[in-house]
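Residue-level structural notes
Spelled out from the first residue to the last, the chains are:
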Amino acid sequence: MTVRDETDQDVRHVEYVMGTAVSFDIRAPVPDPGALGRAIDWLHHVDATFSTHRDDSEITRLALGEIRLGDVDEQTREVLDRCVGLRERTNGAFDAFAVLAPNGTRLDPSGLVKGWSIEMATALLEEGGAENFTINAGGDIVFRGRPGRDRCWRAGIRHPENPVRQARILEISEPVGLATSGSYERGVHIVDPRPRRGPMDLASATVIGPDLGDADAFATAMFVMGTEGLDWIEDQPGYEAFLITLDHQTCWSSGFEEMTVTPPILTSTV
């Protein structure tokens, strides 16, 4: 569904794809009429290619051995190469090749693909002339420009038990991506791919930084690492993190607090 405001300046659209509702909020200047359509078509292409819930997707067929790596398209190889790099970068906390996927295989790049695909959709809108917009894919969000003159985008990190409350509200004026991994909506679905590790202790991990693909993968890795991951995120230039533990304690990286515009709702550990 696409909605334009009365001045015909802003466009809002919601598309159900990749198992979630993806919302576009485009402020003036709006892109050329085909840009939004190209972004939507791209997301459906990604879903058809990378969904581990589909028997006919390229990633499932590759994982099942029906096709070989040389048979997949360049974008699939790019994603898999990036997953290899992320496994090394996160010391195995993010590993697309180790955790059981919905299709029964051990290949699931979903923790990267959603953020990566939204970054690509962002580029399509920008090529069409959009400057001020957000794309929100189930809580993984890109921000560009501003919602209006002298205004910043605002984004909330939800309370782990109350979906209508926010643990933090951020004010965002830079082109960044924001991703959250948590157990409060889909239950426990993130598995530590590293052997012989203790139980995970977080309710949610939020990461913000210049690329939503990396932020998406980093949020998964941080959820696995737990509070010890804060030392790791400090070594990732441009990225900040905010963690909520299972007992509702909060902690964050050194640069996160300056983006916060509301006082903490939950108890802080720092």
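The notes below deal with the structure included here. (Residues numbered from 1 in each chain as written. Predicted model: local features only at pLDDT ≥ 70, side-chain atom pairs only at ≥ 80, totals over all residues. Heavy atoms only, no water.)

Things to note about the overall build of the protein
- Check the secondary structure of the protein and you find six helices and 12 strands.
- Classification of the 270 residues of the protein by burial places 51% in the buried group.
- For the protein, the share of sequence-separated contacts (at least 6 apart) that also reach a separation of at least 24 residues comes to 55%.
- Per element, the accessible surface of the protein, about 12900 Å² overall, is 47% carbon and sulfur. (Helix = DSSP H or I, 4+ residues; strand = E, 2+ residues; numbered from the N terminus. Buried < 20%, exposed > 50% of the residue type's maximum accessible area, 1.4 Å probe, protein only. Contact = heavy atoms within 4.5 Å. Areas by Shrake-Rupley, 256 points an atom, 1.4 Å probe, with all protein chains shown as cover.)

Things to note about the environment of N136
- Looking at where N136 falls in the secondary structure, it is placed in strand β4 (residues 132–137).
- Beyond its immediate chain neighbours, meaning those up to four positions away, N136 contacts A21, V22, S23 and I141.
- Polar side-chain contacts of N136 include one of 2.8 Å to the backbone nitrogen of G139. (Polar contact = N/O pair within 3.5 Å; in protein donor to acceptor, adjacent residues only side chain to side chain.)

Brief notes about helix α3 (residues 74–89)
- The terminal C-alpha atoms of α3, which comprises 16 residues, lie 22 Å apart, in line with the 22 Å expected from a rise of 1.5 Å per residue.
- Its side-chain oxygen at 3.2 Å from the backbone nitrogen of Q75, D73 defines the N-terminal cap of α3.
- Following α3 by one or two positions, N91 has its phi on the positive side, about 55°. (Expected span 1.5 Å × (residues − 1).)

Remarks on the pairing of β4
- With respect to burial, β4 is a largely interior element, five of its six residues being buried.
- With six bridges joining them, strand β3 (residues 20–27) and β4 adopt antiparallel strand pairing. Counted as the bridge partner of I26 is F133 from β4.
- With five bridges joining them, β4 and strand β5 (residues 140–144) adopt antiparallel strand pairing. What sits directly across from F133, in β5, is R144.
- Connecting β4 to the next strand, β5, in antiparallel fashion are two residues, including G138 with a positive phi near 60°. (Pairing = 2+ DSSP bridges.)

Details of the nonpolar core
- F24, L125 and M222 are the most contacted members of the largest nonpolar core, which totals 58 residues.
- Beyond its immediate stretch of four places on either side in the chain, F24 contacts V11, R12, H13, L36, A39, I40, L43, L125, T134 and I135.
- In terms of nonpolar packing, the next biggest core, distinct from the first, is built from 17 residues, I141, I157, V176 and I208 among them. (Core = buried A, V, L, I, M, F, W, Y, C linked by side-chain atoms within 4.5 Å.)

Brief notes about the packing of α3 against helix α4 (residues 110–127)
- Relative orientation of the contacting elements α3 and α4 amounts to 120°, with a least axis distance of 10 Å. Overall, the two elements α3 and α4 adopt an arrangement that is oblique. By crossing handedness, the relation of α3 to α4 is classed as right-handed. Where α3 abuts α4, its residues Q75, E78, V79, R82, C83 and L86 lie against L112, V113 and W116.
- Of the residues contributing to the contact of α3 with α4, the split by class is six nonpolar, one polar and two charged. (Axes fitted to C-alpha atoms, helices over the stretch in contact; angles between N-to-C directions. Parallel < 35°, antiparallel > 145°, perpendicular 65-115°, else oblique. Left-handed = near helix turned anticlockwise from the far one by under 90°. Nonpolar A, V, L, I, M, F, W, Y, C, P; charged D, E, K, R; others polar.)

With respect to the environment of Y16
- You can see Y16 is positioned in strand β2 (residues 11–17).
- Looking at Y16, the relative accessible area reads 60%, which means it is exposed.
- In this structure the C-alpha to C-alpha distance between Y16 and L43, which are 27 residues apart in sequence, comes to 9.7 Å.
- In this structure Y16 touches A21 and H44, once residues within four positions along its chain are discounted.
- Reaching out from Y16, the side chain makes a polar contact with the backbone oxygen of G19 at a distance of 3.5 Å.

Focus on the packing of aromatic side chains
- Using the criterion set out here, one finds six aromatic pairs in the structure.
- Pairing W42 with W116 gives two aromatic rings, centres 5.4 Å apart and planes at 65°, and the pair type is edge-to-face. One end of the pair, W42, is in helix α1 (residues 33–50); the other, W116, is in helix α4, and 74 residues separate them in sequence.
- According to the relative accessible area criterion, W42 is buried, its value standing at 10%.
- Residues F242 and W252 carry aromatic rings whose centres are separated by 6.1 Å and whose planes lie at 20° to one another, so their mutual orientation is stacked. You can see F242 sitting in strand β10 (residues 240–245) and its partner W252 sitting in strand β11 (residues 249–252), a full 10 residues away along the chain. The residues F242 and W252 share a single accessibility class, namely buried. (Phe/Tyr/Trp six-rings, centres within 6.5 Å; stacked < 30°, edge-to-face > 60°.)

Quick look at a negative patch on the surface
- Together, D201, E228, D231, E234, D235 and D247 give the surface a local cluster of negative charge.
- Looking at E228, the relative accessible area reads 66%, which means it is exposed. (Patch = residues over 30% accessible without salt bridge, like charges linked within 9 Å, V, L, I, M, F, W, Y side chains within 5 Å. Salt bridge = Lys/Arg side-chain N within 4 Å of Asp/Glu carboxyl O. Lys, Arg positive; Asp, Glu negative; His and termini not counted. Charge placed at Lys NZ, Arg CZ, Asp CG, Glu CD.)

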